[in-house]
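Reading the structure
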Amino acid sequence: MKAQDYPPAMRELIDCLCRLPGTGRRSAERLTLWLLQHGKTDAQNLSAALIRAVEQITACPRCGFYSTGEELCPACADPTRDASLLCVVEQPTDVLPIERSGSFHGLYHCLGGKLSPLDGVMPEQLSIPKLMERVKEQPGCEVILALGSDVEGDATALYLAEQLEKLPCTISRLAQGMPAGAGLSQADSITLLRAIQGRTRI
Ligand SMILES: [Zn+2]
């Protein structure tokens, strides 16, 4: 006798949902049941939004923040932004907490990670050459290293400071207010505001 199981299409959906971060099998089953019980519109909207995002969202060709197609992101395309201030972050998700703090009107550069030799993340895996190019194109600019305050964030900041020292720029780093061992995405906007205002030259 064959044991009863979900039909193939349901199993496939559960398997796909299981692969999402933080989603175990039970949660994936709950989500699947919810989607099937709430009529077709929610499920169709979800699937259309997913396909649109996957097909259209790219990295901004200049800073690496999220963009659409070949376009520059809104910050890079905004001529009123202060191009002499360049804020370097680990991930594109670190940009929005800084934007929401309302304390920064310069441009961003997303590295795409932080140096971590143990995990195989070396300088060539990060968007460092592009950063150097941008700094050369803007002599006299200030580069703010807005990296996390963990060991890898520190190592990345140190490495970048060494590389940037050869270029015509000043280098600063978020100083106070950042919680130890945490990334930017966990900081609230007041903490970030203080950290940006209290940055120190290195
Ligand atoms: Zn951009």
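Sequence order sets the numbering: in each chain, residues are counted from 1 along the sequence as written. With the structure being a predicted model, the display of local features is reserved for residues of pLDDT at least 70 and the display and counting of side-chain atom pairs for 80 or more, all residues being used for whole-chain, interface and lining totals.

**Looking at the overall build of the protein chain**
Worth spelling out the cut-off: Secondary structure elements are taken from DSSP: a helix is a run of H or I of four residues or more, a strand is a run of E of two residues or more, and numbering for both begins at the N terminus. Partly exposed residues are those whose C-beta has more than 12 but fewer than 20 other C-beta atoms within 10 Å; 20 or more makes a residue buried and 12 or fewer makes it exposed, with C-beta atoms placed from the backbone.
Along its length, the protein chain carries eight helices and seven strands. Over its C-alpha atoms, taken along the principal directions, the protein chain stretches across nearly 75 × 35 × 35 Å. Relative to its full complement of 202 residues, the protein chain shows a buried share of 26%.

**Points about the packing of helix α1 (residues 8-18) against helix α2 (residues 25-37)**
The cut-off we apply is this: Here an axis means a line fitted to C-alpha atoms, over the contact stretch when the element is a helix, while the angle between two N-to-C directions is reported on a 0 to 180 degree scale. Oblique is the label for any angle not under 35 degrees, not over 145, and not in the 65 to 115 range, which are roughly parallel, roughly antiparallel and roughly perpendicular in turn. By the definition used in this description, the sense in which the near helix is turned from the far one sets the handedness, with an anticlockwise turn below a right angle giving left-handed and a clockwise turn giving right-handed. What counts as a contact here is a pair of residues whose C-beta atoms, placed from the backbone, lie within 7 Å.
Where α1 contacts α2, the two axes come as close as 8 Å, and the packing angle between them is 125 degrees. Taken together, the axes of α1 and α2 are oblique relative to one another. Considering how the two elements wind past one another, α1 and α2 form a crossing that is right-handed. Contacts between α1 and α2 involve Met10, Leu13, Ile14, Leu17 and Cys18 from the first element and Arg25, Ala28, Glu29, Leu31 and Thr32 from the second.

**With respect to the nonpolar core**
Across soluble globular proteins, nonpolar side chains have a tendency to be buried as a group. Our working definition: For this entry, the nonpolar core is defined as buried Ala, Val, Leu, Ile, Met, Phe, Trp, Tyr and Cys residues connected by C-beta atoms within 7 Å.
Membership of the largest hydrophobic core comes to 36 residues, with the highest contact counts inside it found for Cys87, Val88, Tyr108, Val143, Leu145 and Ala146. Breaking this core down by element, the ones donating at least two residues are β3 (82-89), α5 (95-101), β4 (106-110), α6 (128-137), β5 (141-145), α7 (151-164) and α8 (189-197). In this structure, Val88 is in contact with His109, Leu111, Leu131, Val143, Ile144, Leu145, Ala146 and Leu160, ignoring residues within four places of it in sequence.

**Some remarks on the domain arrangement of the protein chain**
The criterion, for reference: Here the bounds of each domain stem from an automatic or database domain assignment.
Taken domain by domain, the protein chain consists of domain 1 (8-58) and domain 2 (72-201). Computed from C-alpha coordinates alone, the two centres of domain 1 and domain 2 are separated by 34 Å.

**A few points about the pairing of strand β6 (residues 169-173)**
On a regular strand, one side chain projects to one face of the sheet and the next to the other, so that they alternate. Note the cut-off: A strand pair is defined by DSSP finding two or more bridges across the two strands. By the criterion used throughout, a crossover qualifies as right-handed when its path from the first strand across the helix to the second strand runs clockwise, the strands pointing away from the viewer.
Looking at chain direction, β5 and β6 are connected through five bridges and run parallel. Each bridged residue has a counterpart across the sheet, and for Cys141 the counterpart in β6 is Cys169. The parallel pair β5 and β6, bridged by α7, forms a crossover whose chirality is right-handed. Bridge count between β6 and strand β7 (residues 200-201): two bridges; the pairing is antiparallel.

**Concerning the sheet that holds β5**
Reading across the sheet, the five strands line up as β4-β3-β5-β6-β7 and stay open at both edges, with mixed pairing between neighbours. Where the open sheet ends on each side, the last strands, each with one partner, are β4 and β7. Where β3 meets β5, four bridges bridge the pair, whose relative direction is parallel. Following the sheet pairing, Leu85 is matched in β5 by Glu142. Each of β3, β4, β5 and β6 touches α6; the most contacted strand, β3, lies at about 160 degrees to it. Most of the contacts of α7 go to β6, to which it runs at about 170 degrees, and overall it touches β3, β5 and β6.

**Quick word on the environment of Leu167**
Within the secondary structure, Leu167 is located in the loop between α7 and β6. Sequence spacing of Leu167 and Met132 is 35 residues, and the spatial spacing of their C-alpha atoms is 8.1 Å.

**Some remarks on α6**
Defined as follows: Arc, as used here, means the arc of the directions from the helix axis to the C-beta atoms.
Buried within α6 are the following residues: Ile128, Leu131, Arg134 and Val135. Projected down its long axis, α6 shows its buried positions confined to an angular sector of 115 degrees, all on one face. Exposed positions of α6 whose direction lies more than 90 degrees from the buried face are Pro129, Glu133, Lys136 and Glu137. Against β3, β4, β5, α7 and β6 lie the buried residues of α6.

**Digging into the environment of Ala187**
Position of Ala187 among the secondary structure elements: in the loop between β6 and α8. A count of 23 C-beta atoms within 10 Å places Ala187 in the buried class. When the C-alpha positions of Ala187 and Asp94 are compared, they lie 9.6 Å apart, and in sequence the two are 93 residues distant.

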